[in-house]
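Structural overview
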Amino acid sequence: MNRLKGRENLDRIPVAVIGATGAVGQRFVQLLKSHPWFELIIVAASGKSAGKRYKDTVNWGLDEKMPEDIGEKKIEEINSKTFKDEGIELVFSALPANIAKEVELDLVSNGFYVFSNASAYRMGKDVPLLIADVNGDHLGLVDLQREAGKGYIVTNPNCTVTGLATGLKPLDREFGVRSVVVTTYQALSGAGYPGVPSLDIIGNIIPYIPNEEEKVEEECKKILGKLTVEGVEPSPFYVFASCARVPVRDGHLESVLVELEEDAVVDEVKKVLRDYDGLESRTLPTAPKKPIIVTEDESRPQPLFDIYSGSPKRAKGMSVTVGRIKRIHDKIRFFLLVHNTIRGAAGCSIMNAELAKIEGYL
Ligand SMILES: NC(=O)c1ccc[n+]([C@@H]2O[C@H](COP(=O)([O-])OP(=O)(O)OC[C@H]3O[C@@H](n4cnc5c(N)ncnc54)[C@H](OP(=O)(O)O)[C@@H]3O)[C@@H](O)[C@H]2O)c1
């Protein structure tokens, strides 16, 4: 059946979400609802879910109701031919990394534009590790991937890194970053669904998340690195991360200690963070007006109150909140909060695809 006939608005780009039943997949479904440029046509997942109705299969855990039309959709298997028959070229991926490795490569060889949350290709030399309002210029790396008949892949970073890189970008641009020490308090939804067993985490903190500290260190240096004709030259600064899982539903809190190349006082740091406009006033539907919100409240940011920071409405959860900025000897310390499945995952991927659209890559 060709669903083009039933589509609401033929000007919108038809898209598929793969891994649509998981924690990030559900956010894609929520954020793509009534998107002005993209229309969600296919929800796909594993063979275990394929063939069932979305609403009968998914353990919907989000703050808004499941979109009714998507709830009625049949979950598909990931299949290039079915996607092509439905007119799809753009695919958002929320697959586990080990599955993404083969599936995303296959989609790219079949001509699809893949915007992925998985870590499988993040560090690829010709693959953008992109946060549109932080390192939008890195999108140009896809030119190195272009081959006739093939698509390309654009990745977004690990959820913790997305917040950290956003906070560091204006500081690096203005003062230069020499070193970063970050300690994280990461939410349960960061481990996917169903994630960490409840008996391991209720009333507890686990000071270990497999491979997380390594990802924070290497991805941050790539995002804030310099684009060259051969790829990205990683930032020379040093990053040391300590990551813990805490019994919080959504939102990663990070305590960041930064050594700057140029001395700066707290008020200068606040001003630089507040004034940051990563897209230089270009407008994307999912981009927040202010990527960074600075709070003066000594008890914030807190996941309970601040995870949905960001405006306009479509960019709710797309701003990071920074607070408790202090100068300690020659270093600056602050707390930062990022919504891990919105700015840290699905929202970032959608914002990246929006940038690709206005830059002529879709
Ligand atoms: N959670 C976060 O905050 C976050 C943030 C940034 C990036 N990420 C990354 O995003 C990806 C998704 O994370 P998640 O937290 O959403 O994981 P999740 O809740 O475990 O969801 C995984 C999804 O992948 C599907 N899947 C699993 N095996 C498959 C297969 N063999 N073929 C097709 N589909 C398959 C699952 O479908 P079934 O239901 O049918 O099994 C489900 O839809 C991961 O790579 C993760 O590292 C996550």
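This one's a predicted model, so the numbers in the text were calculated from it and none came from an experiment.

Quick look at the nonpolar core
- Judged by nonpolar contacts, the single largest core of 83 residues is most densely connected at Phe 28, Leu 32, Tyr 54, Phe 92, Phe 115, Leu 171 and Phe 334.
- It is helix H13 (residues 342-358) that provides the largest number of residues to this core, a total of nine residues.
- Residues in contact with Leu 171, not counting those within four places in the same chain, are Gly 176, Val 177, Leu 260, Val 269, Val 272, Leu 273 and Phe 334.

With respect to helix H11 (residues 266-275)
- Among the residues of H11, Val 269, Lys 270, Val 272 and Leu 273 are the ones counted as buried. Summarising the axial view, the buried residues of H11 lie within an arc of 165°, below the 170-degree limit, and thus occupy one face. Opposite the buried face of H11, at more than 90 degrees from it, the exposed residues are Asp 267 and Lys 271.
- Considering only its buried residues, H11 is in contact with helix H8 (159-174), strand S11 (292-294), strand S12 (320-328) and strand S13 (331-338).

Concerning the sheet that holds S11
- Here we have six strands laid out as an open sheet, ordered S9-S6-S10-S13-S12-S11, and mixed in their pairing. Each end of this open sheet is capped by a strand with a single partner; those strands are strand S9 (238-245) and S11. When strand polarity is set aside, the average angle formed by the axes of neighbouring strands in this sheet is 25°.
- Two strands pair when backbone bridges link them, and S12 and S13 are joined in this way by six bridges, in the antiparallel orientation. Its bridge partner lying in S13, Gly 323 is registered against Phe 335.
- Running over the sheet, H11 touches S11, S12 and S13 and is turned about 160° from S12.

Considerations on the sheet that holds strand S2 (residues 38-44)
- Ordered in space as S2-S1-S3-S4-S5, the five strands form an open sheet in which the pairing is parallel. With one partner strand each, in any of the chains shown, S2 and strand S5 (152-155) form the two edges of the open sheet. Strand after strand, the sheet turns through a mean of 25° between neighbouring axes, direction not considered.
- Bridging between strand S1 (residues 13-18) and S2 involves six bridges; their strand directions are parallel. Residue Val 15 lies in a different strand from S2, and its bridge partner there is Leu 40.
- Its contacts with the sheet put H13 on S1, S2, strand S3 (90-93), strand S4 (113-116) and S5, and the angle it makes with S4 is roughly 145°.

Points about a nonpolar patch on the surface
- On the surface, Val 181, Tyr 238 and Phe 240 cluster together into a nonpolar patch covering about 290 Å² of accessible area.
- Here Tyr 238 is to be found in strand S9.

Looking at the site of the ligand
- In the vicinity of the ligand, 28 residues are found, and the nearest of them are Thr 21, Val 24, Ser 46, Ser 49 and Leu 95.
- Thr 21 has a polar side-chain atom sitting 2.5 Å from an oxygen atom of the ligand.
- Ala 23 is positioned with one of its backbone polar atoms (N or O) 3.0 Å from an oxygen atom of the ligand.
- For the ligand, whose free accessible area comes to 910 Å², the fraction covered by protein is 80%.
- Among the secondary structure elements, those contributing two or more residues to the shell around the ligand are helix H1 (23-32), helix H5 (97-109) and H13.
- Here the shell around the ligand is composed, by residue class, of 14 nonpolar, twelve polar and two charged.

The rules behind the values
Once a new chain begins, its residue numbering starts again from 1 and follows that chain's sequence as written. In view of the model being predicted, local features appear only for residues whose pLDDT reaches at least 70, and side-chain atom pairs are presented and counted only at 80 or more, with totals across whole chains, interfaces and linings using the full set of residues. Side-chain metrics in this entry use all non-hydrogen atoms of the structure; hydrogen atoms and water are not considered. To define a nonpolar core, start from buried Ala, Val, Leu, Ile, Met, Phe, Trp, Tyr and Cys residues and group those joined through side-chain atoms within 4.5 Å. Residue burial is assigned from relative accessible area. The probe radius is 1.4 Å, only protein chains are included, and a residue is buried under 20% of its type maximum, exposed over 50%, and partly exposed in between. Numbering goes from the N terminus for both helices and strands, where a helix is a DSSP run of H or I of at least four residues and a strand is a run of E of at least two. What makes two residues a contact is simply this: any of their non-hydrogen atoms within 4.5 Å. Picture the helix axis, draw a direction to every C-beta atom, and the arc is the one those directions span. A pair of strands counts as paired when DSSP detects no fewer than two bridges linking them. Between the N-to-C directions of two axes lies an angle of 0 to 180 degrees, each axis being a line fitted to C-alpha atoms and, for a helix, fitted only over the stretch in contact. Candidates for patches are residues over 30% relative accessible area with no salt bridge; among them, like charges are joined within 9 Å and nonpolar side chains (Val, Leu, Ile, Met, Phe, Trp, Tyr) within 5 Å. All accessibility values rest on the Shrake-Rupley procedure with a 1.4 Å probe; residue burial counts only the protein chains present in the view. A pair is scored as a salt bridge if a Lys or Arg side-chain nitrogen falls within 4 Å of a carboxyl oxygen belonging to Asp or Glu. Here, proximity means that at least one heavy atom of the residue falls within 4 Å of the molecule or strand. In protein, a polar contact means a hydrogen-donor-capable atom and an acceptor-capable atom, both N or O and within 3.5 Å, with residues adjacent in sequence counting only if both atoms are side-chain atoms; elsewhere, any N or O pair within 3.5 Å suffices. Each residue gets one of three labels, nonpolar for Ala, Val, Leu, Ile, Met, Phe, Trp, Tyr, Cys and Pro, charged for Asp, Glu, Lys and Arg, and polar for the others, Gly among them.

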